[in-house]
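Understanding the architecture of this molecule
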Protein chains: 2
Amino acid sequence: MEIQVLKDIFESNEQMADANKKLLQDKKVYMIDMMSSPGSGKTTITERIIDTLKDEYNIAVIEGDIETTKDAEKLAKFDIPIMQIETSRFGGDCHLESSWINKCLDSFDLDVIDLVIVENVGNLVCPAEFELGDDERVVVLSVTEGEDKPAKYPLMFNSSQTLLVNKTDLLPHLDFDMDEMMGNVQRANPKLTTYHVSAKTGEGFDEFIAGLKENIRKKIGK
Amino acid sequence: MEIQVLKDIFESNEQMADANKKLLQDKKVYMIDMMSSPGSGKTTITERIIDTLKDEYNIAVIEGDIETTKDAEKLAKFDIPIMQIETSRFGGDCHLESSWINKCLDSFDLDVIDLVIVENVGNLVCPAEFELGDDERVVVLSVTEGEDKPAKYPLMFNSSQTLLVNKTDLLPHLDFDMDEMMGNVQRANPKLTTYHVSAKTGEGFDEFIAGLKENIRKKIGK
């Protein structure tokens, strides 16, 4: 087994994240890092973002999975640049790292691209520890996961700018206390911008998309 | 920052897992390691197991969380030994390790205990990489997480003996293809014993409990 030193992993990851940030600044590209538990709806959300914004922005996607290219296949219909990272091939199973993002960015024509959506590995813990050089971290939480998650996974909620509370269409069938969840969000990160959405029905997306467009405009001027 | 060598982490974890296994063999205690994504229902399942088996077996619980003692508090009503591990205090956020389990086992009266339920950190990736010395790995998958998870998180499903497909009460409200999911389970691990349950309604639990009791009986003779 290869011996790796954790200190080096984190340090070199941050250096490459800084390089990615500079590259994206130079090329005027906005990048979001979408993170969540497995199965909270990241890919369906990505599909909606692309579908809504594809006429205004040139979009590229980086799909992170341990194995399979299932998510990338779902997005193939959009005819946009997609890079799939299967982390099992890199020996790092539970998160994306900035060096892999850098290789993906290299393969995109960043003079043309406006928005890069990174769909991280489904994991509410480890991805939060690895900076990628993005402009915005979007954490997705499905209401089926329960009210307590912002309290139990504080780094993920602390380090993100945007929270999408997803699958609101299922609320009538759940014992879910939205006030308790929002209290936990408030305690974890009072600055988190929160949208309640259903990726399935589209409910609540207009507000999220408006916020995202405003963030993109501030950076790239369109 | 402390420098840790990954090789040592895994090696020393396996050594302590072997020690735990031997201790549990000597004391005739059955231990399950329950793992899943965040919010898939592990605590509610643990409550049902205790409620159903508390008159037949002496049960103890080890609760793993990054932060909070919320899950342990839910189980306090049962008046059984519970150890809470908050992994943020150990610098290891995303999984439980065998040395922490060893400390918990030390605190239990293993001459009296028959069954130890370990509720691992909510994470479908990293906990699978760390042996604890248990007799049975139980992976819980909520139907809200989608059909593709056994394909996308192969180690978790490969290395477990039992799968609980939970939240079946929500199936009427989801576009969930059970046949596709079971096909993915079959490809990931054809030996996985699978039960379809609803921890909320209790549906499907009799079969799972019967299987668990049979496994316990084989080891401890009662």
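The coordinates are above.
All of the points below concern the structure found in this document. (Residues numbered from 1 in each chain as written. Chains lettered and ligands numbered in written order. Predicted model: local features only at pLDDT ≥ 70, side-chain atom pairs only at ≥ 80, totals over all residues. Heavy atoms only, no water.)

Examining the overall build of chain A
Heads up, the rule is: The secondary structure listing takes helices from DSSP runs of H or I that are at least 4 residues long and strands from runs of E that are at least 2 residues long, numbered from the N terminus. Note on method: radius of gyration uses C-alpha positions; expected globular size equals 2.2 Å times residues raised to 0.38. For each residue, the accessible area found with a 1.4 Å probe, counting protein chains only, is set against the maximum for its type, and the residue is called buried under 20%, exposed over 50%, and partly exposed in between. Residues are treated as being in contact if the distance between any of their heavy atoms lies within 4.5 Å. Residue burial considers only the protein chains on display, and all accessible areas are found by Shrake-Rupley using a 1.4 Å probe. Charge counting treats Lys and Arg as positive and Asp and Glu as negative, with His and both chain ends excluded. Every charge is mapped to an atom, namely NZ of Lys, CZ of Arg, CG of Asp or CD of Glu.
The helix and strand tally for chain A stands at eight helices and seven strands. The globule rule puts the C-alpha radius of gyration for 222 residues at 17 Å, and the 17 Å found for chain A is close to it. Along the three orthogonal principal directions, the C-alpha set of chain A runs to about 45 × 45 × 30 Å. Sorting the 222 residues of chain A into buried and exposed places 59% on the buried side. In chain A, 73% of the contacts between residues at least 6 apart in sequence involve partners at least 24 apart. Here chain A has roughly 9200 Å² of accessible surface; of this, 46% comes from carbon and sulfur atoms. Across chain A, the centroid of the 25 positively charged side chains sits 3 Å from that of the 42 negatively charged ones.

A short note on the pairing of strand β2 (residues 59–65) of chain A
Residues and elements named next belong to chain A. Rules: By definition, two strands form a pair when at least two bridges between them are found by DSSP.
Counting buried positions along β2 gives seven out of seven residues, so the element sits mostly inside the fold. Here β2 shows no split at all, with I59, V61, E63 and D65 on one side and A60, I62 and G64 on the other all buried. In terms of strand pairing, β2 meets strand β4 (residues 115–119) through five bridges, oriented parallel. Directly across from E63, in β4, lies its bridge partner E119. Bridge count for β2 against strand β3 (residues 82–86) is five bridges, and the pairing is parallel.

Description of unusual backbone geometry
All names here are of chain A. Although it is not a glycine, T68 adopts a positive phi angle of roughly 80 degrees. Assessed through its relative accessible area of 17%, T68 is described here as buried. Of note in the backbone geometry, K167 takes a positive phi value of approximately 65 degrees without being a glycine. Locating K167 in the fold gives a position in the loop between β6 (162–166) and α7 (178–188).

With respect to the nonpolar core
Rules: What we call a nonpolar core is a set of buried Ala, Val, Leu, Ile, Met, Phe, Trp, Tyr and Cys residues that are connected through their side-chain atoms within 4.5 Å.
Formed by 82 residues in total, the largest nonpolar core has its most connected members in I101(A), V116(A), F157(A), I101(B), V116(B) and F157(B). Sequence-distant contacts of F157(A), defined by excluding residues within four places in its chain, comprise L124(A), V139(A), L141(A), K149(A), P150(A), L163(A), A188(A), N189(A) and L192(A).

Here we look at the sheet that holds strand β1 (residues 30–36) of chain B
Residues and elements named next belong to chain B. Going by this rule: Comment: axis = line fitted to C-alpha atoms, over the contacting stretch for helices; angle = value between 0 and 180 degrees taken between N-to-C directions.
With parallel pairing, the seven strands of this open sheet are ordered in space as β3-β2-β4-β1-β5-β6-β7. Unpaired on one side and paired on the other, β3 (82–86) and β7 (193–196) mark the two borders of the sheet. Within the sheet, the average angular offset between the axes of one strand and its neighbour, ignoring direction, is 20 degrees. Bridge count for β1 against strand β5 (residues 136–142) is five bridges, and the pairing is parallel. What sits directly across from S36, in β5, is V140. Sitting on the sheet, helix α2 (residues 42–53) touches β1, β2 (59–65), β4 (115–119), β5 and β6 (162–166), and the angle it makes with β4 is about 170 degrees.

Thoughts on the sheet that holds strand β1 (residues 30–36) of chain A
Where strands meet in a sheet, backbone hydrogen bonds hold them as pairs that are either parallel or antiparallel. Residue and element names in this part refer to chain A. Spatially, seven strands are ordered β3-β2-β4-β1-β5-β6-β7 in an open sheet, and the strand pairing comes out parallel. In the strand order of this sheet, the two ends are held by β3 and β7 (193–196), each with one partner. Taking each pair of neighbouring strands and ignoring which way they run, the sheet shows an average axis angle of 20 degrees. Bridging between strand β5 (residues 136–142) and β6 involves five bridges; their strand directions are parallel. Each bridged residue has a counterpart across the sheet, and for V140 the counterpart in β6 is L164. Contacting β1, β2, β3 and β4, helix α4 (residues 98–107) runs over the sheet at an angle of about 155 degrees to β3. The strands touched by helix α8 (residues 205–220) are β1, β4, β5, β6 and β7; relative to β1, the strand with the most contacts, the crossing angle is about 140 degrees.

Examining the pattern of salt bridges
Put simply, the rule is: Each reported salt bridge corresponds to a side-chain nitrogen of Lys or Arg within 4 Å of a carboxyl oxygen of Asp or Glu.
On inspection of all chains with the given rule, the structure shows 30 salt bridges over all chains. Its salt-bridge partner being D51(A), residue K54(A) comes within 3.2 Å of it at the nearest N-O pair. K54(A) gets classed as partly exposed once you look at its relative accessible area, which sits at 37%. Here D71(A) ties to K152(B) by a salt bridge, and the two come within 2.7 Å at their closest N and O atoms. Here K152(B) lies in helix α5 (residues 149–152) and D71(A) lies in helix α3 (residues 70–75), a pairing that spans two chains. A relative accessible area of 6% means that K152(B) is categorised as buried.

With respect to the packing of α2(B) against helix α8 (residues 205–220) of chain B
All names here are of chain B. Our working rule: The labels follow the angle: roughly parallel below 35 degrees, roughly antiparallel above 145, roughly perpendicular from 65 to 115, and oblique for the rest. In this scheme the crossing of two helices becomes right-handed for a clockwise turn of the near helix relative to the far one and left-handed for an anticlockwise turn of less than a right angle. Note on residue categories: nonpolar means Ala, Val, Leu, Ile, Met, Phe, Trp, Tyr, Cys or Pro, charged means Asp, Glu, Lys or Arg, and polar means any other residue, Gly included.
Interaxial distance between α2 and α8 falls to 11 Å at its minimum, and their mutual angle equals 70 degrees. Taken together, the axis directions place α2 and α8 in an arrangement best described as roughly perpendicular. The handedness of the crossing between α2 and α8 is right-handed. Between α2, through I45, R48, I49, T52 and L53, and α8, the contact on the second element is made entirely by F205, F208, I209, L212 and K213. Broken down by class, the residue content of the contact of α2 with α8 amounts to seven nonpolar, one polar and two charged.

Re the packing of aromatic side chains
Put simply, the test is: The criterion for an aromatic pair is that two Phe, Tyr or Trp rings (for Trp, the six-membered ring) have centres within 6.5 Å, with stacked assigned to planes under 30 degrees apart, edge-to-face to planes over 60 apart and tilted to the rest. In this scheme, Lys NZ or Arg CZ marks a charge over a ring once it lies within 6 Å of the ring centre and within 35 degrees of the ring normal.
Tallying each qualifying case throughout the model produces four aromatic pairs over all chains. For the ring pair F205(B) and F208(B), a centre distance of 5.9 Å and an interplane angle of 85 degrees mean the geometry is edge-to-face. Of this pair, F205(B) and F208(B) both sit in helix α8, three residues apart, which is roughly one turn of that helix. For the pair F205(B) and F208(B), one class covers both residues: buried. Ring-pair connections join several aromatic residues into one group, and the members of that group are Y195(A), F205(A) and F208(A). Sitting above the plane of the F205(A) ring, R48(A) keeps its charged end 5.7 Å from the centroid.

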